[in-house]
Amino acid sequence: MTLLAVVTVAIIYQRSLFGVVILASMYSFLMATLLVVLDAVDVAMTEASVGAGVSTVFLLAALHLIKTTEMGPIRRHTVPLLVAIGTGAVLVWGTNLLPPFGSPDGVIHGHVAPRYIADTIRETNVPNVVTSVLADYRGYDTLGETTVIFTAGIGVMLLLRGGRRRGRAAEEKASK
Amino acid sequence: MSLDPILRVGTKLILPFILLFALYVQFHGDYGPGGGFQAGVITAGMVVLLAIIFGLKAAQRIAPKGLVERMIPLGVLIYAGTGVAGLIMGQNFLDYSVLAHDPSHGHELGIFLVEAGVLVTVSGTMTALFYAFVERGR
């Protein structure tokens with residue numbers, strides 16, 4: 001947790017975007033370690049592979065296309081600072097109303113979770129509850145997620161390609 | 001393209017194990033941590049590593065661009081098709097209990113199929129995005 005805070009502060013003060021990408025990758029990796037400590041191995045694996053792995057590759061690839069130094073601040077940032085501190089204070093105040101960490105009588109543990117845990121082997125033959133919830137009980141949500149990835153991928157590819165084609169057409173026009 | 005022999009040989013050694021690990025994560029997702037998303041990303045990571053060390057051409061020989069781009073909608077179709085199959089066989093959309101004789105086996109099969117759909121879409125999207133970035137950068 002302390003390391004997470006240190007990395008966050010380092011990201012804020014880092015001006016070179018390359019450094020920011022590497023630090024963000026470190027942040028994801030620390031987050032994955034934290035999730036392993038919290039016994040959320042599925043999420044930790046996702047965080048390590050997506051956050052620390054592939055997104056770092058994509059950010060570096062994007063940096064390859066643009067310049068790599070962040071511009072200095074244009075305006076004074078007193079108001080955004082106040083807004084951020086206010087939001088943070090409200091969030092911290094809100095955690096008072098949450099049940100204590102790991103408490104079994106929290107509201108989320110009393111709704112459908114006991115049924116999922118009790119019936120998953122009988123109903124789906126799959127011992128990993130995370131998988132059965134993800135792909136079966138909440139299958140609609142995962143279908144939505146997959147569609148989101150599909151749409152996002154198509155969108156980014158169209159942006160990357162479309163820009164190039166237009167650039168080439170402009171060049172041809174200019175050469176004529 | 002890198003000419004460093006240590007990197008090239010090391011990558012060659014490690015690539016099959018990355019793919020094997022991705023398959024393990026995919027098919028062992030029923031019992032341990034993992035599933036389509038993670039396995040898809042690991043597969044894409046393998047292609048990215050291959051492209052970094054051996055160049056884009058070598059990567060595209062193994063994972064051709066056309067195939068990778070077709071995988072993106074194919075995965076969604078596999079997922080939605082599993083849902084529609086349940087619909088055709090007289091159940092609700094995405095209810096897998098009719099896919100096999102025994103409802104629990106039907107669920108197992110359904111989960112396997114949708115995870116496969118997720119794997120195909122995720123690995124296809126990640127690899128296609130990487131190709132798009134690399135080609136744009138040239």
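Model, not experiment: these values are computed from the prediction.

**Points about the overall build of chain B**
Okay, step 1: When helices and strands are tallied, chain B shows 5 helices and 0 strands.
Okay, step 2: Counting from the amino terminus, chain B carries its helices and strands in the arrangement α-α-α-α-α.
Okay, step 3: Counting all 138 residues of chain B, 52% fall into the buried class.

**Description of the interface of chain A and chain B**
Okay, step 1: Listed as interface residues are 43 residues of chain A and, on the opposing side, 43 residues of chain B.
Okay, step 2: Together chain A and chain B conceal approximately 3900 Å² of surface at their shared face, both sides included; 73% is due to carbon and sulfur atoms.
Okay, step 3: At the boundary of chain A with chain B, the tally comes to 0 salt bridges.
Okay, step 4: Counting across the interface, chain A meets chain B through 3 residue pairs in polar contact (both at pLDDT 80 or more).
Okay, step 5: Residue assignment for the side of chain A that touches chain B shows that the elements contributing at least two residues are α3 (41-65), α5 (113-124), α6 (129-137) and α7 (139-175) of chain A.
Okay, step 6: Ranked by the residues each element gives to the side of chain A that touches chain B, the list is headed by α7 of chain A, at 18 residues.
Okay, step 7: Across the side of chain A that touches chain B, the residue classes tally to 22 nonpolar, 14 polar and 7 charged.

**Regarding the nonpolar core**
Okay, step 1: Judged by nonpolar contacts, the single largest core of 41 residues is most densely connected at Phe58 of chain A together with Val122 and Tyr131 of chain B.
Okay, step 2: Breaking this core down by element, the ones donating at least two residues are α3 and α7 of chain A together with α2 (36-54), α3 (56-62), α4 (65-88) and α5 (103-137) of chain B.
Okay, step 3: Examining the composition of this core, we find that 11 residues originate from one element, α5 of chain B, more than from any other.
Okay, step 4: Discounting chain neighbours no more than four positions away, the residues touching Phe58 of chain A are Met126, Leu129, Phe130 and Phe133 of chain B.
Okay, step 5: Of all hydrophobic cores here, the second largest spans 6 residues; its members include Met45 of chain A together with Val25, Ala39 and Ile42 of chain B.

**Some points on α2 of chain B**
Residue and element names in this part refer to chain B.
Okay, step 1: Here α2 contains 19 residues, and its C-alpha end-to-end distance of 27 Å stays within 8% of the 27 Å for a straight helix at 1.5 Å per residue.
Okay, step 2: The buried count for α2 comes to 16 of 19 residues, which makes it a mostly enclosed element.
Okay, step 3: Note on α2: the residue one or two positions beyond its end, Gly55, has a positive phi of about 95 degrees.

**Quick look at the environment of Val21 of chain A**
Residues and elements named next belong to chain A.
Okay, step 1: Tracing the chain through its elements places Val21 in helix α2 (residues 17-37).
Okay, step 2: With relative accessibility at 7%, the residue Val21 sits in the buried group.
Okay, step 3: Along the sequence, Val21 and Leu60 sit 39 residues apart, while their C-alpha atoms lie 7.1 Å from each other.
Okay, step 4: Filtering out sequence-adjacent residues up to four positions away, Val21 remains in contact with Thr56, Leu59, Leu60 and Leu63.

**Some thoughts on a nonpolar patch on the surface**
Residues and elements named next belong to chain B.
Okay, step 1: Taken together, Leu19, Leu23, Phe27, Leu109 and Phe112 make up a surface patch of nonpolar side chains, about 420 Å² in accessible area.
Okay, step 2: Of all the secondary structure elements, the ones that give two or more residues to the nonpolar patch are α1 (5-27) and α5.
Okay, step 3: For Leu109, the location among the structural elements is in helix α5.
Okay, step 4: Of the residues examined, Leu109 reaches a relative accessible area of 36% and is grouped as partly exposed.

**Points about the side chain of Thr56 of chain A**
Okay, step 1: Within the secondary structure, Thr56 of chain A is located in helix α3.
Okay, step 2: Filtering out sequence-adjacent residues up to four positions away, Thr56 of chain A remains in contact with Val21, Ser25 and Gly51 of chain A.

**Quick word on the environment of Ala80 of chain B**
Okay, step 1: The topology assignment puts Ala80 of chain B in helix α4.
Okay, step 2: Distance from Ala80 of chain B to Phe93 of chain B, taken between C-alpha atoms, is 8.8 Å for residues 13 residues apart in sequence.
Okay, step 3: Apart from residues no more than four positions distant in its own chain, Ala80 of chain B is found in contact with Leu143 of chain A together with Phe93 of chain B.

**Examining the packing of α4 of chain B against α5 of chain B**
Residues and elements named next belong to chain B.
Okay, step 1: Remark: α4 packs on α5, axes separated minimally by 7 Å, with the N-to-C direction vectors making an angle of 155 degrees. In terms of orientation, α4 lies roughly antiparallel with respect to α5. α5 is crossed by α4, and the crossing has left-handed handedness.
Okay, step 2: Its residues assigned to classes, the contact of α4 with α5 comprises 13 nonpolar, 9 polar and 3 charged.

**Notes on the confidence of the model for chain A**
Okay, step 1: Averaged over chain A, the pLDDT score is 78; the fraction of residues at 70 or greater is 80%.
Okay, step 2: Mean pLDDT across the elements of chain A bottoms out in α5 of chain A (72) and peaks in helix α4 (residues 78-94) of chain A (90).

**Topic: the packing of α3 of chain A against α2 of chain B**
Okay, step 1: Axis separation between α3 of chain A and α2 of chain B bottoms out at 10 Å; the angle between their running directions is 30 degrees. With respect to α2 of chain B, the element α3 of chain A is oriented roughly parallel. For the pair α3 of chain A and α2 of chain B, the sense of crossing is left-handed. Contact residues: Asp42, Met45, Thr46, Ser49, Val50, Val54 and Val57 of chain A in α3 of chain A; Gln38, Val41 and Val48 of chain B in α2 of chain B.
Okay, step 2: Grouping the amino acids of the contact of α3 of chain A with α2 of chain B by side-chain chemistry returns 6 nonpolar, 3 polar and 1 charged.

Criteria and cut-off values
Residues numbered from 1 in each chain as written. Chains lettered and ligands numbered in written order. Predicted model: local features only at pLDDT ≥ 70, side-chain atom pairs only at ≥ 80, totals over all residues. Heavy atoms only, no water. Helix = DSSP H or I, 4+ residues; strand = E, 2+ residues; numbered from the N terminus. Buried < 20%, exposed > 50% of the residue type's maximum accessible area, 1.4 Å probe, protein only. Contact = heavy atoms within 4.5 Å. Buried area = accessible area lost by both parts, 1.4 Å probe. Salt bridge = Lys/Arg side-chain N within 4 Å of Asp/Glu carboxyl O. Polar contact = N/O pair within 3.5 Å; in protein donor to acceptor, adjacent residues only side chain to side chain. Nonpolar A, V, L, I, M, F, W, Y, C, P; charged D, E, K, R; others polar. Core = buried A, V, L, I, M, F, W, Y, C linked by side-chain atoms within 4.5 Å. Expected span 1.5 Å × (residues − 1). Patch = residues over 30% accessible without salt bridge, like charges linked within 9 Å, V, L, I, M, F, W, Y side chains within 5 Å. Areas by Shrake-Rupley, 256 points an atom, 1.4 Å probe, with all protein chains shown as cover. Axes fitted to C-alpha atoms, helices over the stretch in contact; angles between N-to-C directions. Parallel < 35°, antiparallel > 145°, perpendicular 65-115°, else oblique. Left-handed = near helix turned anticlockwise from the far one by under 90°. pLDDT = per-residue confidence, 0-100.

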